[in-house]
Amino acid sequence: MGATGVREPAPAAGLRVAVVGSGPAGLYTAEALLKQVAAADCPVHGVAVDVIERLPTPYGLVRYGVAPDHPSIRSIADHLRQVLEDPRVRFLGGLAFGRDLDRELLLRCYDAVVYATGAARDRRLDVPGEDLPGSAAAAEFVRWYCGHPDAAPEGFTLDAESVAVVGSGNVALDVARVLAEPASALRTTDVPERVLAVLAASRVREIHVLGRRGPALARFTTRELRAVGELPATDVLVDRAGQDPGALDPAGGNGGPVRPDRRVRENLAVLADWAARPPRGRPRRVTFRFWTRPVEITGRDRVRGLVVERTRLEESGRLVGTGERSTLPVQLVLRSVGYRSVPLPGVPFDEMRAVVPNVEGRVRGRTALRAPASTSRAG
């Protein structure tokens, strides 16, 4: 979420802003405020920003949502730290919105409140067996290996030999790479020692990465995709299943034609190269399976398999199943199919769209606070 509840500041006074959430969105908002107020041709004498965070540490997904074996990507924290080091910005950690403070209090104390709390709830697959032990959100796995305070140390044991990662974005790639990478390669990162011990004892040998559409519509960045192929002890394969892995989808997500940009072309070239390689007999294997969707997770006491179905696009661009089904003998399923925002106490929320209702970023809703006629405040 990134909507605002704003009260017009009094003339010739400094602007006081609260930003709820200290991830990239919240800190880039703070940075933008500093720059815009400095350049604005208006009677605002400076700005003070308080960044409010539930956890004791800042940076959100940069700290707890990016694979720890990519220090170059996580170096964005260096830039975010510069924002927090600005004397006009204060970091207030360990304060939970809805528990330690609420919306009414913030609107009394600040001229503007920005909600930048992100999308904290993972989307579900909505298939039978999804709640079996051994079925979990990829985001939960990421929080575990990043040492998030909310993650249980015993959350994952990695006694599965075969794993399905459902999703075709960078989080799915991160998860597959961490599962396939030798634990020794992660010892120079900030992965917690207890997690390293579990990764070192991992029995995982086969990782399936599933995408329900073709590779042209995968969300991978090429850099992240290539990193999977650079793992020294892992074969990377592309399941052909009678289909050309380099073929473009005939329709895009909205029914229109795919326009292959540079990223798509480079991704397809990487995948085509992997598809042409024979297995080299390495200890672990990552297999990309496109045009494949999960339809059922099987097992009685825990996950024992994943039933998948081949998919295709109709002329209208609608994705449908072909009826061709098979079962992957996996013991762990990690879903990475997107996220939803969650409502904040007292803040209007559109449950259908999972967003704060807003007009150009200004919060609107039936539960908005009403301001006196002498002020202009929208909640």
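All figures in this text were calculated on a predicted structure; none of them were measured in a lab. (Residues numbered from 1 in each chain as written. Predicted model: local features only at pLDDT ≥ 70, side-chain atom pairs only at ≥ 80, totals over all residues. Heavy atoms only, no water.)

(A) The packing of helix α1 (residues 24-39) against helix α4 (residues 76-84), seen in detail. As a packed pair, α1 and α4 sit with axes 9 Å apart at the nearest point and diverge in direction by 45°. With respect to their mutual orientation, α1 and α4 come out oblique. Judged by the sense of rotation from one axis to the other, the crossing of α1 with α4 is left-handed. On α4, the residues touching Pro24, Leu27, Tyr28, Ala30 and Glu31 of α1 are Ile76, His79, Leu80, Val83 and Leu84. (Axes fitted to C-alpha atoms, helices over the stretch in contact; angles between N-to-C directions. Helix = DSSP H or I, 4+ residues; strand = E, 2+ residues; numbered from the N terminus. Parallel < 35°, antiparallel > 145°, perpendicular 65-115°, else oblique. Left-handed = near helix turned anticlockwise from the far one by under 90°. Contact = heavy atoms within 4.5 Å.)

(B) Focus on the sheet that holds strand β10 (residues 234-238). Spatially, six strands are ordered β7-β15-β8-β9-β11-β10 in an open sheet, and the strand pairing comes out parallel. Each of the sheet's edge strands pairs with one partner strand only, and the pair in question is β7 (135-137) and β10. Neighbour to neighbour, the strand axes of the sheet diverge by 20° on average, direction disregarded. (Pairing = 2+ DSSP bridges.)

(C) The arrangement of helix α8 (residues 193-200) in detail. Restricting attention to buried positions, one finds in α8 the residues Val195, Leu196, Val198 and Leu199. Angularly, the buried residues of α8 cover 160° about the axis, an arc narrow enough to put them on a single face. The outward face of α8, more than 90 degrees from its buried face, is lined by the exposed residues Glu193 and Ala200. Those residues of α8 that are buried are in contact with α6 (138-146), α7 (170-180) and β11 (284-289). (Buried < 20%, exposed > 50% of the residue type's maximum accessible area, 1.4 Å probe, protein only. Arc of directions from axis to C-beta.)

(D) Geometry of the sheet that holds strand β14 (residues 319-328). Read from one edge to the other, the open sheet built from three strands follows the order β12-β13-β14, with strand pairing classed as antiparallel. Two strands bound the open sheet, and with one partner strand each, they are β12 (292-298) and β14. Across the sheet, the mean angle separating the axes of adjacent strands is 25° when strand polarity is ignored. Examined bridge by bridge, strand β13 (residues 305-313) and β14 share seven bridges and lie antiparallel to one another. Counterpart to Glu309 in the pairing with β14 is Arg325.

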